[in-house]
Amino acid sequence: MDVLGIDIGGSYIKGAIVDVRTGELRSECLQVETPQPATPQAIIEATHKLVKLFNWHGLMGCGFPAVIQAGVAKTAANIDSLWIGIDVQKQLQQATGCPGSVLNDADAAGLAEMEFGAGEGRSGTVLVLTLGTGIGSALFSQGELVPNLELGCLPINGAPAEHYAAAAVRSREKLSWQAWAQRLNLFLNHVERLFSPELIIIGGGISCEYKTFFPQLKIESDLLPAHFFNQAGIVGAACFAAEKSHA
Ligand code: BGC
């Protein structure tokens, strides 16, 4: 079964058609820039533009960078605050004409990794972190997701961890790989103390560069790059929509 997966991120809105039985992409991955300011109207229009590039009218799943409860955005750390309280699912369905579901972007990435990727078959506590404009997090126990965990908000030196250790901070503050890895390590040690995960999976755009920074990380848990790298969110969003449509 093919489903269009969309990942709305701080810098790009990406999408691809996904075979939800295998997690494989059935089309190339297309993207449009995330409009700034990332207001509801601007993002909905940009997402609609992306959906039109696929000429898609079928089921669609969408990862969104906020706490999402029953399709509604509850937070707005890296997007315009006008999003809070908006039914993202309904707005996207109305604009695109595609039926579907919306979930937190990191939860989407986590679902893909647990089903088909680096977390496949792992039943202990697994933490999937996406490092990009912000820090997304998805926690699994016995393969079950605890949705909407916002570890990017954990305070480090009095500010949210994602302001200190997200991938975007490395470029913004022109940090060396070593300096950034030290920050990431501090964050990882902090979450290890809180959750004792057996495995941490790192996704997001920077996960393609894992060979550069993984050797500098000193943590107790097993550490793996996301199997789908930056496309995990697309795959997971599509799978989530498929599952919801059968529920
Ligand atoms: C948001 C999360 C999101 C993460 C990654 C954070 O700023 O609060 O909901 O998962 O960014 O996009």
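Residues numbered from 1 in each chain as written. Predicted model: local features only at pLDDT ≥ 70, side-chain atom pairs only at ≥ 80, totals over all residues. Heavy atoms only, no water.

Colleague: Sorry if this is basic, but what is going on with the overall build of the protein chain here?
Modeller: Of regular secondary structure, the protein chain possesses eight helices and 15 strands. Taken over the C-alpha trace, the protein chain has a radius of gyration of 17 Å; the compact-globule value for 247 residues is 18 Å, and the two agree within 12%. Dimensions of the protein chain, computed from C-alpha atoms along their principal axes, come out at roughly 45 × 40 × 30 Å. Classification of the 247 residues of the protein chain by burial places 55% in the buried group. Of the contacts formed within the protein chain by residues at least 6 apart in sequence, a portion of 61% connects residues at least 24 apart. Between the centroid of the 16 positive side chains of the protein chain and the centroid of its 24 negative side chains there is a distance of 5 Å. (Helix = DSSP H or I, 4+ residues; strand = E, 2+ residues; numbered from the N terminus. Rg over C-alpha atoms; globule rule 2.2 N^0.38 Å. Buried < 20%, exposed > 50% of the residue type's maximum accessible area, 1.4 Å probe, protein only. Contact = heavy atoms within 4.5 Å. Lys, Arg positive; Asp, Glu negative; His and termini not counted. Charge placed at Lys NZ, Arg CZ, Asp CG, Glu CD.)

Colleague: Any chance you could explain the site of the ligand here in plain terms?
Modeller: Near the ligand the following residues occur: Pro65, Ala66, Ala77, Asn78, Asn104, Asp105, Ala106, Ile135, Gly136, Glu150 and Glu162. Between Glu150 and the ligand, the recorded distance is 2.5 Å, taken from a side-chain N or O atom to an oxygen atom. For the ligand, whose unbound accessible area comes to 310 Å², protein coverage reaches 93%. In a pocket analysis with a 2 Å cut-off to the grid points, the ligand is assigned to the largest pocket. Where the shell around the ligand is concerned, the elements lending two or more residues are α3 (105-116) and β10 (135-141). Residues of the shell around the ligand, tallied by class, amount to five nonpolar, three polar and three charged. The residues that make up the shell around the ligand include at least three from each of domain 1 (2-107 + 233-245) and domain 2 (121-230). (Near = heavy atom within 4 Å. Polar contact = N/O pair within 3.5 Å; in protein donor to acceptor, adjacent residues only side chain to side chain. Areas by Shrake-Rupley, 256 points an atom, 1.4 Å probe, with all protein chains shown as cover. 1 Å grid on protein atoms, 1.4 Å probe; cavity = no way out; pocket = protein on both sides within 12 Å on 5 of 7 lines; lining within 4 Å. Sits in = over half its atoms within 2 Å of the grid points. Nonpolar A, V, L, I, M, F, W, Y, C, P; charged D, E, K, R; others polar. Domains from an automatic or database assignment.)

Colleague: It is not clear to me how the nonpolar core should be interpreted in this structure. Could you clarify?
Modeller: Taken as a class, soluble globular proteins show a tendency for nonpolar side chains to be buried jointly. Leu127, Leu131, Leu184, Phe187, Leu188, Ile202 and Phe213 are the most contacted members of the largest nonpolar core, which has 29 residues in total. Elements that contribute at least two residues to this core include exactly β9 (126-131), β10, α4 (162-165), α5 (167-172), α6 (177-195) and β14 (199-203). In terms of residue count, the dominant contributor to this core is α6 (six residues). Ignoring any residue separated from it by four or fewer positions in sequence, one finds Phe213 in contact with Trp177, Trp180, Ala181, Leu184, Ile202 and Ile206. (Core = buried A, V, L, I, M, F, W, Y, C linked by side-chain atoms within 4.5 Å.)

Colleague: How do you make sense of the side chain of Asp7 when you look at a structure like this?
Modeller: Structurally, Asp7 can be placed in strand β1 (residues 2-8). Exposure remark for Asp7: the relative accessible area of 9% places this residue in the buried category.

Colleague: Even after reading the chapter, I still don't get the domain arrangement of the protein chain, so can you show me in this structure?
Modeller: It is common to report an interface's size as the accessible area lost on association of the parts. Assigned domains within the protein chain: domain 1 (2-107 + 233-245) and domain 2 (121-230). At the junction of the two partners, domain 1 supplies 15 residues and domain 2 supplies 13 residues. For the pair domain 1 and domain 2, the summed buried surface comes to about 1100 Å²; carbon and sulfur atoms form 46% of the total. Broken down residue by residue, the surface that domain 1 buries against domain 2 is led by Asn78, Ala106 and Asp107, which jointly contribute 43%. Our count for the contact surface shared by domain 1 and domain 2 stands at zero salt bridges. For the interface between domain 1 and domain 2, the tally reads three residue pairs in polar contact (both at pLDDT 80 or more). Elements represented by at least two residues in the side of domain 1 that touches domain 2 include exactly β6 (68-69) and α3. (Buried area = accessible area lost by both parts, 1.4 Å probe. Salt bridge = Lys/Arg side-chain N within 4 Å of Asp/Glu carboxyl O.)

Colleague: What is the right way to look at the sheet that holds β10 in this model?
Modeller: The strands making up a sheet associate through hydrogen bonds between their backbones, and the pairing can be parallel or antiparallel. An order of β11-β10-β9-β14-β15 is seen for the five strands of this open sheet, with the pairing classed as mixed. Each having just a single partner strand, β11 (144-146) and β15 (222-225) make up the two edges of the open sheet. For this sheet, the mean inter-axis angle between neighbouring strands, taken without regard to orientation, is 25°. Note that β10 and β11 share three bridges and pair antiparallel. Looking across to β11, one finds that Ser141 is bridged to Glu144. With respect to the sheet, α3 is in contact with β9, β10, β11 and β14, its orientation differing from that of β10 by roughly 45°. (Pairing = 2+ DSSP bridges. Axes fitted to C-alpha atoms, helices over the stretch in contact; angles between N-to-C directions.)

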